[in-house]
Amino acid sequence: MSKGRINLVHIYPREMSIYGDLGNTRCLASRLRWHGYEAVVHQHHPGTEFPEDAHLVVGGGGQDSGQARVEADLERNGDRLKALAADGTPMLMICGMYQLFGNAFITVEGRSLPGLGILDVTTRGNAKRMIGPVVLDTEFGEVVGYENHSGSTVLGEGQKPFGTVRSGMGNNGTDQTEGATTGNVFGSYLHGPILPANPAFADALIARAVERATGRAFEPGTPDDTLADQARLRQVRRLVG
Amino acid sequence: MLRTSVAVAAGKAARAASRLRGGGSALPGLVVERVDPAFLAHALADLPRGIIVVSGTNGKTTTTKMLAAILREHGLRVFTNPTGSNFTRGVISSMIPEIHLGGRLDADVAVLELDEAHALKFAAAVRPTHSLLLNVARDQLDRFAEIDHTAQLLAQLAEQTTGGVVLNIDDSFVARIRDRVADGVEVRYFGVDPSISERLPELMEADVRFEDDWAAPSPTDGDGLLKPADERSFEVRFGAEGVVGPVELRQRGLAAMINATAATTTAKMLLGQDFREASTVAALQKVQPPFGRGEIIDADGQPLELVLVKNPAGFTVALGTYGSTPVASMVAINDNYADGRDVSWLYDVSFESLRERGVAITSGVRAYDMALRLQYDDVAVEEVEPDLDKALERFLTAYPDEPKRIFCTYTAMMALRRDLAARYGLANFGEDPQ
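Residues numbered from 1 in each chain as written. Chains lettered and ligands numbered in written order. Predicted model: local features only at pLDDT ≥ 70, side-chain atom pairs only at ≥ 80, totals over all residues. Heavy atoms only, no water.

(A) Focus on the overall build of chain B. Within chain B, the regular secondary structure consists of 16 helices and 15 strands. Relative to its 434 residues, chain B shows a buried fraction of 60%. For chain B, contacts bridging at least 24 residues in sequence account for 73% of all contacts bridging at least 6. Looking at chain B as shown, the accessible area adds up to about 16,500 Å², and 50% of this sits on carbon and sulfur atoms. (Helix = DSSP H or I, 4+ residues; strand = E, 2+ residues; numbered from the N terminus. Buried < 20%, exposed > 50% of the residue type's maximum accessible area, 1.4 Å probe, protein only. Contact = heavy atoms within 4.5 Å. Areas by Shrake-Rupley, 256 points an atom, 1.4 Å probe, with all protein chains shown as cover.)

Structure follows, in structure tokens:
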């Protein structure tokens, strides 16, 4: 007997899901089932109708060409996404989609491309690429992943970061912040993909989605996270001792 | 000339020194490059049959080996770089023992496997007469950053090529490079016969390809198309120009057949009137799989297949090839530079074909990440052991009486291959019999 049905929307799985970001969708869908819920995964492609009743929204990173391919659709559905975010829908946006959820992306040539403004962050194109494994401290404990971005992101006044960098570059390589979070919306540069090895974070997103979908508190099951914990702890030990 | 002699002498000395230390390294090449930056151009100048560069994401090593074998079977003296030395320094290093102090290479033709980024660096020093461009897939994006960028690198290599370019007709990134080839440079395609086009998704990453307004070109008579008969046997069809085959490879699967098709098409273009079908078939049938690329090792009387995996397309093809005969399996994932440091790509591979039999052991630096990935595909993992030596020992001990298979990333393969060579008295890396 399912404890409830949760609609999970993966936006632009073809264009913006390049470093294994699909794994986040897979992780959320599997964990929902392991916790006793029913997960319905919707893939939203450019030009198609945005699904009704989205309870959880995820997006990933892409190439510059992928980003260009989703621009028009993102503009068309921008108000919808903003309304969902303001209403408390949990969202996880990685890398390219994190940048597009910010105020603007300013290219190396100085051109300003507007974002959705859901997160108060601004990204500048950079000659230097920030690449490598990352360890963060977050409200969900230690989080590990892998960053690969040339955009350098700065948080607006009062914008809360997702985590503090213990190893790696993070938003910009200088202020020790990584990602951003407002309400239930999370942006981060961490691929990895971020969720499988960091199940506490995955379950936090799930808990919020379940509350929205069912109107009841999250009733967790007991998934075996031994492998996830080992994978995470070993990366932490390798990178920060 | 004096500078070249000094460079060759210094390179030979460095090689002797590095061999004393037990290394076969790129150091001699580095030494030569420092002393004589024009060394490469000089050594390769005036090879009568030219300089062929093989590049792309998947299949470089196997294809290079096949092409060299075909040309040798036609009586040509072929210089080629051994497995893994696909940077300019590695190429120079491999020349050192085969070169006189005058610095000229004694060969008819050079067939060189080059990594996408280094192929351009190479072309800046020596313009290839021919290039064979295999495919573009997600591979080590921590180095190249974008697939579009990798495709650009290959297109620039094609622009630098003076005589002929061979392109993969089924890979839209590669086939469209046709528009970048200079006037007067011959273009040929290789690909799969339309009758098996439904198997293309096994070889491609459809999710990052977009149709745009681009249509695949129609093959013409000089283009080689693969028509398989079964897992190992196939023909290469050249329109009105005839058929090469049947060929039966020592390596299994569609990927190896595609590589053979690419090598055959390139050899046919290069040799023209001198191309002989019988020699081509004979050569391909003799080619042993390169180390770790479907190589079969006799492990106490049971076959142990070593399968190199380094990106989603390659792993997916490997699982498709071997999935039809499930055996005891080990998966070893490292994340050193040569492996690709980001293991996120494992989530772009579907492991469902391993579900029925399960995986005996995961190993390597990212053994737990691999086991976690398999957990998400409901594939049972009996054991996780990051230490490669211990894992291999346990794997061999636990399954003594049946065929075994190890999927591994590059540095994990090197370590396991070394261990297996010591255990079973195999040839060492770099001493691959021709």
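(B) The overall build of chain A, seen in detail. The helix and strand tally for chain A stands at six helices and 14 strands. Overall size of chain A, expressed as C-alpha extent along the three principal axes, is 55 × 45 × 30 Å. Buried positions account for 59% of the 241 residues belonging to chain A. Contacts in chain A between residues at least 24 apart in sequence constitute 69% of all its contacts with a sequence separation of at least 6. About 9,300 Å² of surface is accessible on chain A, with carbon and sulfur atoms providing 48% of the total.

(C) Examining the UniProt feature "domain: CobB/CobQ-like glutamine amidotransferase" (unreviewed entry) in chain A more closely. In the numbering used here, UniProt assigns the "domain: CobB/CobQ-like glutamine amidotransferase" (unreviewed entry) feature to residues 9–198 of chain A. Secondary structure content for residues 9–198 of chain A is 21% helix and 34% strand, and the end C-alpha separation is 20 Å. (UniProt positions renumbered as here; feature names shortened; annotations may be inferred.)

(D) Structural view of the sheet that holds strand β14 (residues 185–188) of chain A. All names here are of chain A. Ordered by their spatial adjacency, six strands build an open sheet running β2-β1-β3-β4-β14-β13, and the pairing between neighbours is mixed. Each edge of the open sheet carries a strand with a single partner, namely β2 (38–44) and β13 (180–182). When strand polarity is set aside, the average angle formed by the axes of neighbouring strands in this sheet is 15°. Pairing of strand β4 (residues 91–94) with β14, which is carried by four bridges, proceeds in the parallel orientation. Note on β14: the bridge partner recorded for L92 is F186. Contacts from helix α5 (residues 199–214) reach β1 (5–11), β3 (56–59), β4 and β14, with the element oriented near 120° to β1. (Pairing = 2+ DSSP bridges. Axes fitted to C-alpha atoms, helices over the stretch in contact; angles between N-to-C directions.)

(E) Just the sheet that holds strand β3 (residues 109–113) of chain B, in detail. Residue and element names in this part refer to chain B. Read across the sheet, nine strands follow the order β2-β3-β1-β4-β5-β6-β7-β8-β9 without closing on themselves; strand pairing throughout is mixed. The open sheet has two edge strands with one neighbour each: β2 (78–80) and β9 (242–248). Strand-to-strand, the axes of this sheet are offset by a mean angle of 15°, without reference to chain direction. Here strand β4 (residues 130–133) pairs with strand β5 (residues 164–168) via four bridges, running parallel. Across the sheet, the residue bridging to L133 is L167, located in β5.

(F) How the structure looks around the interface of chain A and chain B. The partner chain B presents 29 residues to the 36 residues of chain A that form the contact. Both faces considered, chain A and chain B share a buried interface measuring about 3,000 Å² in area, 54% of it formed by carbon and sulfur atoms. Our enumeration of links across chain A and chain B arrives at two salt bridges. For the salt bridge of R238 of chain A with D335 of chain B, the shortest nitrogen-to-oxygen distance reads 2.8 Å. Looking at the side of chain A that touches chain B, the elements with two or more residues in it are α1 (22–34), α2 (64–76), β8 (130–138), β9 (141–149) and α6 (226–240) of chain A. Considered class by class, the residues forming the side of chain A that touches chain B number 14 nonpolar, twelve polar and ten charged. (Buried area = accessible area lost by both parts, 1.4 Å probe. Salt bridge = Lys/Arg side-chain N within 4 Å of Asp/Glu carboxyl O. Nonpolar A, V, L, I, M, F, W, Y, C, P; charged D, E, K, R; others polar.)

(G) Spatial organisation of empty space enclosed by the protein. One pass over the structure, following the stated rule, counts five cavities of 30 Å³ or more. What lines the largest cavity is a set of 20 residues, and nearest its centre among them are G192 and A197 of chain A together with V343, R366 and D369 of chain B. Sorting the residues of the lining of the largest cavity by element identifies β9 and α6 of chain A together with α14 (367–376) of chain B as the ones contributing at least two each. For the lining of the largest cavity, a count of residues per class yields eleven nonpolar, three polar and six charged. (1 Å grid on protein atoms, 1.4 Å probe; cavity = no way out; pocket = protein on both sides within 12 Å on 5 of 7 lines; lining within 4 Å. Points joined across faces, edges and corners; volume = space filled by probe spheres on them.)

(H) Layout of the environment of L114 of chain B. The residue L114 of chain B is located in the loop between β3 and α6 (116–125) in this model. In this structure, the C-alpha to C-alpha distance between L114 of chain B and V91 of chain B, residues 23 residues apart in sequence, is 8.7 Å.

(I) Expanded view of the pairing of strand β8 (residues 233–238) of chain B. All names here are of chain B. Both strand β7 (residues 224–228) and β8 contribute to a ladder of four bridges, which runs antiparallel. Residue pairing in the sheet places K227 in a bridge with E235 of β8. Between β7 and β8, which pair antiparallel one after the other, the connecting turn spans four residues. By the bridge criterion, five bridges tie β8 to β9 in an arrangement that is antiparallel. For S233, the partnering residue across the bridge sits in β9 and is E248.

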